[in-house]
Amino acid sequence: PVSENAASMGGSQVFLAPGETMSVGDLLKSMIVASANDAAVALAEYVCGSEEAFVARMNERAKELGCKNTHFENTTGLDDTATEHRMSARDIALISREVISHELVFNYSTIWMDTIRDGAFGLTNTNRLIRFYKGATGLKTGSTAKAKFCISATAERGGLSLIAVIMAAPTRDIRNEAAKSLFDFGFAN
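Throughout what follows, the structure given in this document is the object of discussion. No experiment lies behind these values; they were computed from the predicted model shown.

**As for the overall build of the protein**
Helix and strand content of the protein: eight helices and five strands. Taking 189 residues into account, the globule formula puts the C-alpha radius of gyration at 16 Å, and the protein, at 16 Å, falls close to it. A principal-axis box enclosing the C-alpha atoms of the protein has dimensions of 50 × 40 × 30 Å. Split into buried and exposed, the 189 residues of the protein put 44% on the buried side. A sequence separation of at least 24 residues applies to 46% of the contacts in the protein between residues at least 6 apart. Just so you have it, the protein exposes about 10000 Å², and 55% of that area is on carbon and sulfur atoms.

**So, the packing of aromatic side chains**
Enumeration according to the criterion identifies four aromatic pairs in this entry. Seen from their ring centres, Trp112 and Phe132 are 6.1 Å apart, and the 75 degrees between their planes marks the pair as edge-to-face. Here Trp112 is found in the loop between helix H6 (104-109) and strand E1 (113-116), whereas its partner Phe132 is found in helix H7 (residues 129-132), with 20 residues between them in sequence. Three or more aromatic residues link up through ring pairs in this structure, and these residues are Tyr133, Phe183 and Phe187. The ring of Phe121 has Arg117 lying over it, and the distance from NZ or CZ to the ring centre is 5.4 Å.

**What to know about the nonpolar core**
With 21 residues, the main nonpolar core has Val14, Leu16, Leu27 and Leu123 as its most contacted residues. The element best represented in this core is helix H2 (residues 24-34), accounting for five residues. Every residue in contact with Val14, bar those within four places of it in the chain, is listed here: Ser30, Ala36, Asp38, Ile116, Arg117, Phe121 and Leu123. If you look at the next biggest cluster of nonpolar residues, it comprises 14 residues, including Tyr133, Ala153, Ile166 and Phe187.

**Let's talk about unusual backbone geometry**
For residues that are not glycine, phi is negative in most cases, and the peptide bond is trans in most cases. Backbone geometry at Lys148 places phi at a positive 65 degrees, although glycine is not the residue there. With respect to the secondary-structure elements, Lys148 resides in strand E4 (residues 148-157). The backbone of Ala168 sits at a positive phi, close to 60 degrees, despite the residue not being glycine. When you line up the elements, Ala168 lands in strand E5 (residues 160-169). With a relative accessible area of 45%, Ala168 lands in the partly exposed category.

**Observations concerning the pairing of E4**
Of the pairings in the sheet, the one linking strand E3 (residues 136-144) to E4 comprises eight bridges and is antiparallel in character. Within the sheet, the bridge partner assigned to Ala136 lies in E4 and is Ala155. Linking E3 to E4, which pair antiparallel, is a turn of three residues. When E4 meets E5, the two strands line up antiparallel, connected through eight bridges.

Basis of the calculations
- Residues numbered from 1 in each chain as written.
- Predicted model: local features only at pLDDT ≥ 70, side-chain atom pairs only at ≥ 80, totals over all residues.
- Heavy atoms only, no water.
- Helix = DSSP H or I, 4+ residues; strand = E, 2+ residues; numbered from the N terminus.
- Rg over C-alpha atoms; globule rule 2.2 N^0.38 Å.
- Buried < 20%, exposed > 50% of the residue type's maximum accessible area, 1.4 Å probe, protein only.
- Contact = heavy atoms within 4.5 Å.
- Areas by Shrake-Rupley, 256 points an atom, 1.4 Å probe, with all protein chains shown as cover.
- Phe/Tyr/Trp six-rings, centres within 6.5 Å; stacked < 30°, edge-to-face > 60°.
- Lys NZ or Arg CZ within 6 Å of the ring centre and 35° of its normal.
- Core = buried A, V, L, I, M, F, W, Y, C linked by side-chain atoms within 4.5 Å.
- Pairing = 2+ DSSP bridges.

This is the structure:
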């Protein structure tokens, strides 16, 4: 069952209600496709019992992956009250490389539009590259007033897989164009 805490998350959400149940698959889809913060917290609580315990595991795993400039304070990336939540572009790329080693992620990150709740609630991917860049396979967008527009994008062509990390772009469109430029350069060279 969804907790009051998970249901209270702001920003992007699928409007989970306290006590509502949803499959792990639909929570993952909501989180990966539509950046649903309430789904991220519900999953963290399900896996580790609390968001705090999950965040501790996130920080441990980041260190295991060789991240040197990462510290998580929450599962959502929301930074309006966070004071030490940070990541470097290098660390995002390291974590992204690990995430995409799990094929299940692509079942969700390549979805452009879908639904949950038996078709009653629509999801649209926050990563526009999925629809508008040849070979795009994922991965995750994010934006807050402090962080501006960020993306860890993945694409594959001809057996070559690339990760492009863009941080602090002033707009979504500038972020997406910068990722496309990195991909174009990578695939050409």
